[in-house]
Amino acid sequence: MNNPIISVQDVSKCYWNGEVQTVALRKANLEIYPGESIALVGPSGCGKSTLLHLIAGIDTPTQGEIYVDGYPFHLLKEEKLAKLRGSILGIVFQFFNLLPTLTALDNVMLPALLQGVSPLEASSRAKELLEQVGLSHRSHHYPHQLSGGEMQRVALARALVMKPKIVLADEPTGNLDSEASQKVLYLLRKLVEQYQLTLLMVTHSLEVAKATDRILQMKDGYLIS
Ligand code: ADP
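Rules and cut-offs
Along each chain, numbering runs from 1 in the same order as the chain's sequence is written. Since the coordinates come from a predicted model, pLDDT governs what is reported: local features require at least 70, and pairs of side-chain atoms require 80 or more to be given and counted, while whole-chain, interface and lining totals use all residues. Processing note: side-chain calculations cover all non-hydrogen atoms of the structure and skip hydrogens and water entirely. What makes two strands pair is DSSP finding at least two bridges between them. A helix here means a DSSP run of H or I that spans at least four residues, while a strand means a run of E at least two residues long, and both kinds are numbered starting from the N terminus. Should any heavy atoms of two residues lie within 4.5 Å, those residues are counted as being in contact. Interaxial angles span 0 to 180 degrees and are taken between N-to-C directions of axes, which are lines fitted to C-alpha atoms, for helices over the stretch in contact. In this analysis, the protein atoms alone were mapped onto a 1 Å grid. Cavities are point sets where a 1.4 Å probe fits without being able to get out; pockets are open sets with protein on both sides within 12 Å along at least five of seven lines; lining residues have an atom within 4 Å of a point. Grid points are joined across faces, edges and corners, and a volume is the space filled by probe spheres set on the points. Ten residue types, Ala, Val, Leu, Ile, Met, Phe, Trp, Tyr, Cys and Pro, are classed as nonpolar, four, Asp, Glu, Lys and Arg, as charged, and the remainder, Gly among them, as polar. To estimate how far a helix should extend, the number of its residues minus one is multiplied by 1.5 Å. Exposure categories follow from relative accessible area, calculated using a 1.4 Å probe and restricted to protein chains: below 20% of the type maximum is buried, above 50% is exposed, and the middle band is partly exposed. As used here, the arc is the angular range of directions from the helix axis to the C-beta atoms. Here a polar contact is taken to be a pair of N or O atoms separated by no more than 3.5 Å, where protein atoms must pair a possible hydrogen donor with a possible acceptor and residues adjacent in sequence count only if both atoms sit in side chains. For this analysis, a salt bridge means a side-chain nitrogen from Lys or Arg found within 4 Å of a carboxyl oxygen belonging to Asp or Glu.

J.: How do you make sense of the sheet that holds strand β2 (residues 20-32) when you look at a structure like this?
T.: In spatial order, the strands read β2-β1-β4-β5; together these four strands make up an open sheet with antiparallel pairing. Each end of this open sheet is capped by a strand with a single partner; those strands are β2 and β5 (71-72). Bridge count for strand β1 (residues 6-17) against β2 is nine bridges, and the pairing is antiparallel. If you follow Cys14 over to β2, its bridge partner there is Val23. Set on the sheet, helix α1 (residues 48-55) makes contact with β1, β2 and β4 (63-68); between it and β1 the angle comes to about 115°.

J.: Explanation requested: empty space enclosed by the protein in the structure shown.
T.: Gaps between atoms show up when a probe of the same size as a water molecule is rolled over them. A full pass over the atoms with the stated rule returns one cavity of 30 Å³ or more. For the largest cavity, the calculated volume is near 30 Å³. For the largest cavity, the full set of lining residues is Leu52, His53, Ile58, Ile91, Val92, Phe93 and Asp170. Here the residues of the lining of the largest cavity are counted per class, giving five nonpolar, one polar and one charged.

J.: I'm lost on the sheet that holds strand β8 (residues 198-202) in this one. Help?
T.: For sheets, the rule is that strands pair by backbone hydrogen bonds, running either parallel or antiparallel. Here six strands make up an open sheet; going across it, the order is β6-β7-β8-β3-β9-β10 and the pairing mixed. For this open sheet the edge positions go to β6 (89-92) and β10 (222-223), each flanked by a neighbour on one side alone. Relative to strand β9 (residues 214-219), strand β3 (residues 37-41) runs parallel, the two sharing four bridges. The residue of β9 that forms the bridge with Leu40 is Leu216. Helix-sheet contacts for α1 involve β3, β6, β7 (166-170), β8, β9 and β10, and the interaxial angle to β7 is about 150°. Helix α2 (residues 78-88) contacts β6 and β7 of the sheet and is inclined by roughly 80° relative to β6.

J.: I would appreciate a short explanation of helix α6 (residues 178-194) in the present structure.
T.: For α6, built from 17 residues, the straight-helix expectation of 24 Å at 1.5 Å per residue is met to within 8% by its first-to-last C-alpha distance of 24 Å. All of the buried residues in α6 are Ala180, Ser181, Val184, Leu185, Leu187, Leu188, Leu191 and Val192. For α6, the buried positions fall inside an angular range of 165° around the axis, keeping them on one side. Those residues of α6 that are exposed and angled more than 90 degrees off the buried face are Ser178, Glu179, Gln182, Tyr186 and Glu193. Turning to α6, the residues buried within the fold contact β3, α4 (119-132), α5 (148-160), β7, β8 and α7 (206-209). At the N-terminal boundary of α6, the capping side chain belongs to Asp177, with an oxygen 3.2 Å from the backbone nitrogen of Glu179. Positioned one or two residues after α6, Gln196 has a phi angle of 50°, which is positive.

J.: Looking at this structure, how should I read the pattern of salt bridges?
T.: Close approach of charged atoms allows side chains with opposite charge to pair. Under the definition given, this model contains six salt bridges. With a shortest N-O distance of 3.0 Å, Glu36 and Arg214 are connected by a salt bridge. With Glu36 in the loop between β2 and β3 and Arg214 in strand β9, this residue pair connects regions lying 178 residues apart in the sequence. Judged by its relative accessible area of 17%, Glu36 falls in the buried class. The class for Arg214 is partly exposed, based on a relative accessible area of 28%. The residue Glu121 makes a salt bridge to Arg125 at a minimum N-O spacing of 2.8 Å.

Shown next, in the form of structure tokens:
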């Protein structure tokens, strides 16, 4: 079998607010193989986003080791993490996080421009991805002119513009009605398959989780299955 593309080894995360300590993650172990689609489920506050943020290199573990595509994320400095985050990971958030002053096309192009891709190439990739999420006709619209589902589809296109190996999604349908959720989920699965991506998705919804290969449960900071 291949090596895992994500490996989490005995990882703990504590937060301190003054004297108060919160243990958000307790000795988590996890291996994800290339091409797997995984849902991370569990009640609010159990540590799902914490684990996702650690794998995204947005936060650093208090203890343990995290390897993403072979890189030791627990050892790397912010600058290197940001560079890797921009190239091997595509991230989709619950609240889309589009820049309100940029059109859909510019939002999708931006991560590529920031990573040094030429404007011509970034524009060509962005146009193709917007077509794949069915939004070519909305390319020049600003986020406030789009529905929630459309904004999330733009965010999906943006997450893929750097041709990442891994997509991390934090409640990608959490802010959408059921029709828009289904469409976003359908597109996410289609793109994951088409580009042979590895997917780790945090969700509250068992319905959404069922669309993946494997469901991991968390409770009180423990990864229990
Ligand atoms: P979930 O995503 O499952 O809702 P989180 O990973 O967001 O859970 O949070 C896990 C626990 O860690 C919660 O008790 C939360 O309050 C706490 N927590 C998360 N982020 C911080 C932070 N930056 N500072 C302090 N506590 C935090």
